[in-house]
Amino acid sequence: MSNPLGAIVAFNAARVVFGAGSSAETGEHLRQLGVTRALVVCDRFVTQSGLGGRIEESLRAAGVDSVVYDGIVGEPNETSVQEAVAAARGGFDGFVGVGGGSALDTAKLCALFATHEGDLLDYVNAPIGAGRAVPGPVLPILALPTTAGTGSEVTTVAIIDFPRLGTKTGISHQHLRPALAIVDPALTVSCPPGVTAATGIDALMHALEAYTVSPYDTRPRLPLGERPPYQGANPFADPLCERAIELAGRHLRTAVADGTDLEARTGMALASTIAGIAFSGAGVHIPHALAYPIASLQHEWTPPGYGGAALIPHGFAVAVTAPAVFRFIADAAPERCATASRLLDGGDDLAVSLERLMTDIGAPTRLSEIGYGSDDLAAIVPGALDQRRLLVGAPKEVGAAEIEDLLRASL
């Protein structure tokens, strides 16, 4: 039961510079943040494409020294993050993340451990880690996304894969939100169709989950110091979710089919960023909780557009169970599911609307398509149950039996 008089919601958002060509101003913005020596965190595609060099030139022109670390490969894992953090402890006073969510999340963790002591599992959410709060502000982070999907440029979250634990999980704290996001849609034009599809469906899922998560005014009112970043659906996030859903429904198919269409790229870049702002305050729920073990336990599937790498892209891992989840929660959030379907493609069944879009962009719609069989499902359940910070927002009670049913419905 809602309790409007006893409920409190906070709205926090990153500073954003948006528009084609805006990345040329990176150096000036970094200098305004007081940075004099920056570590540029990216992957080798960014350096080989020439983008890394252009960013370095922008920094030099503004009087900012820089070093490039381009060791980001695939999804961040415990080992790759530790290697990046070692490079970050080299006397830098700011960090620039350039790339997809992997680079941006790693840049956040570089800033965290260049500022504060501790190990990864100290800060990882409980029960997987100790759930220790980030002690204070971190060195400035400037985020330059080259994909339209993760929203990491405006969120408080960094995700890490722990293969030895059989799941991915996150560090989430307001101090990890970048000081500035520069969202230049032109940087996404070179993104291959498969990557565009995976990241774009991730942006949509952020909006859909933040829109259907349990409302903020149905949750216990906690003391200020104990309130999590994920507060539930709220009047600040809702209109951003609605706009992001509509933008993805209008532009994602085109962005996948014709990556040179700057209107579609701009629409998806906007959808990604505003969905990121929305879910960083509202939260996500069951599909993301399932996605982390789904991606961590299967390392044999080779998705299109990822250079032959064996991984399950985060967006696909999230979306593959989403139709089953939305059928499961439809009776708990009927009006919101119906509205989301209408915004997405004019339909009246969110699960059906989402499946249509996934099929059109070549996203996997069944777990069996990404290498899972019925005998594998039981191993996913514990990793999903460990995502308590996400499952607390589920609009319906969900435990081990419900999770296994959703996985079987998605097989």
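Preceding this paragraph is the structure being described.
The structure presented is a predicted model; accordingly, all values stated were derived computationally and were not measured.

Take the pattern of salt bridges next. All told, the structure shown has 12 salt bridges when counted by the stated rule. Among the salt bridges present, the one from Glu 75 reaches Lys 168, with a minimum N-O distance of 3.1 Å. Taken as a pair, Glu 75 in the loop between β3 (65-72) and α4 (78-88) and Lys 168 in strand β7 (residues 167-172) lie far apart in primary sequence, 93 residues in all. In this structure Glu 75 comes out as partly exposed when scored by relative accessible area, which is 23%. Residue classification places Lys 168 among the buried residues on the basis of a relative accessible area of 3%.

On to the packing of helix α7 (residues 193-212) against helix α12 (residues 322-329), then. Closest axis-to-axis distance for the α7/α12 pair is 12 Å, and the angle between their directions is 15°. When the axes of α7 and α12 are compared, the pair comes out roughly parallel. The way α7 lies across α12 gives a crossing that is left-handed. Side by side, α7 and α12 meet where Met 205, Leu 208 and Thr 212 of the first sit next to Ala 322, Phe 326 and Ile 329 of the second. The residue inventory of the contact of α7 with α12, partitioned by class, reads five nonpolar, one polar and no charged.

The next point concerns the environment of Cys 241. Residue position: Cys 241 is located in helix α8 (residues 237-257). Classification of Cys 241 as buried rests on a relative accessible area of 0%. If near-sequence neighbours (up to four positions away) are discounted, Cys 241 is found in contact with Ala 207, Ala 210, Tyr 211 and Ala 278.

With that out of the way, let us pick up the packing of α8 against helix α9 (residues 262-282). Across the interface, α8 lies against α9 with an axial gap of 8 Å and an inter-helix angle of 150°. The angle between α8 and α9 places the two elements in the roughly antiparallel class. Handedness of the crossing formed by α8 with α9: left-handed. Contacts between α8 and α9 involve Ala 237, Leu 240, Cys 241, Arg 243, Ala 244, Leu 247, Ala 248, His 251, Leu 252, Thr 254 and Ala 255 from the first element and Glu 263, Ala 264, Arg 265, Gly 267, Met 268, Leu 270, Ala 271, Ile 274, Ala 275, Ile 277, Ala 278 and Ala 282 from the second.

What follows is about the environment of Gly 53. Note that Gly 53 resides in helix α3 (residues 51-61). What makes Gly 53 partly exposed here is its relative accessible area of 36%. For the pair formed by Gly 53 and His 251, sequence separation is 198 residues and the distance between their alpha carbons is 30 Å.

Pairing within the open sheet is parallel, and its six strands lie in the order β1-β8-β5-β4-β2-β3. Two strands close off the open sheet at either side, each with one partner strand: β1 (16-18) and β3. Mean inter-strand twist for the sheet, computed between neighbouring axes without regard to direction, equals 15°. Here strand β4 (residues 94-99) runs beside strand β5 (residues 141-145); their pairing, made up of five bridges, is parallel. Bridging across to β5, Gly 99 finds its partner in Pro 145. Sheet strands in contact with α4 are β2 (37-43), β3 and β4, and its direction is about 165° off that of β3.

Let us now look at the nonpolar core. By size, the foremost hydrophobic cluster in this structure holds 83 residues, and its most contacted members are Ile 201, Leu 204, Leu 208, Ile 286, Ile 294, Leu 354 and Leu 407. Dropping the residues within four chain positions of it, Ile 201 is found in contact with Leu 252, Gly 315, Phe 316, Ala 319, Leu 354, Leu 357, Met 358 and Ile 361. In this structure, Val 81, Leu 109, Ala 158 and Ile 171 belong to the second largest nonpolar core, which totals 29 residues.

By the definition in use, this model includes zero disulfides. Its sulfur unpaired, Cys 191 is 15 Å from the next cysteine sulfur, which belongs to Cys 42.

Rules of the game
- Residues numbered from 1 in each chain as written.
- Predicted model: local features only at pLDDT ≥ 70, side-chain atom pairs only at ≥ 80, totals over all residues.
- Heavy atoms only, no water.
- Salt bridge = Lys/Arg side-chain N within 4 Å of Asp/Glu carboxyl O.
- Helix = DSSP H or I, 4+ residues; strand = E, 2+ residues; numbered from the N terminus.
- Buried < 20%, exposed > 50% of the residue type's maximum accessible area, 1.4 Å probe, protein only.
- Axes fitted to C-alpha atoms, helices over the stretch in contact; angles between N-to-C directions.
- Parallel < 35°, antiparallel > 145°, perpendicular 65-115°, else oblique.
- Left-handed = near helix turned anticlockwise from the far one by under 90°.
- Contact = heavy atoms within 4.5 Å.
- Nonpolar A, V, L, I, M, F, W, Y, C, P; charged D, E, K, R; others polar.
- Pairing = 2+ DSSP bridges.
- Core = buried A, V, L, I, M, F, W, Y, C linked by side-chain atoms within 4.5 Å.
- Disulfide = S-S within 2.5 Å.

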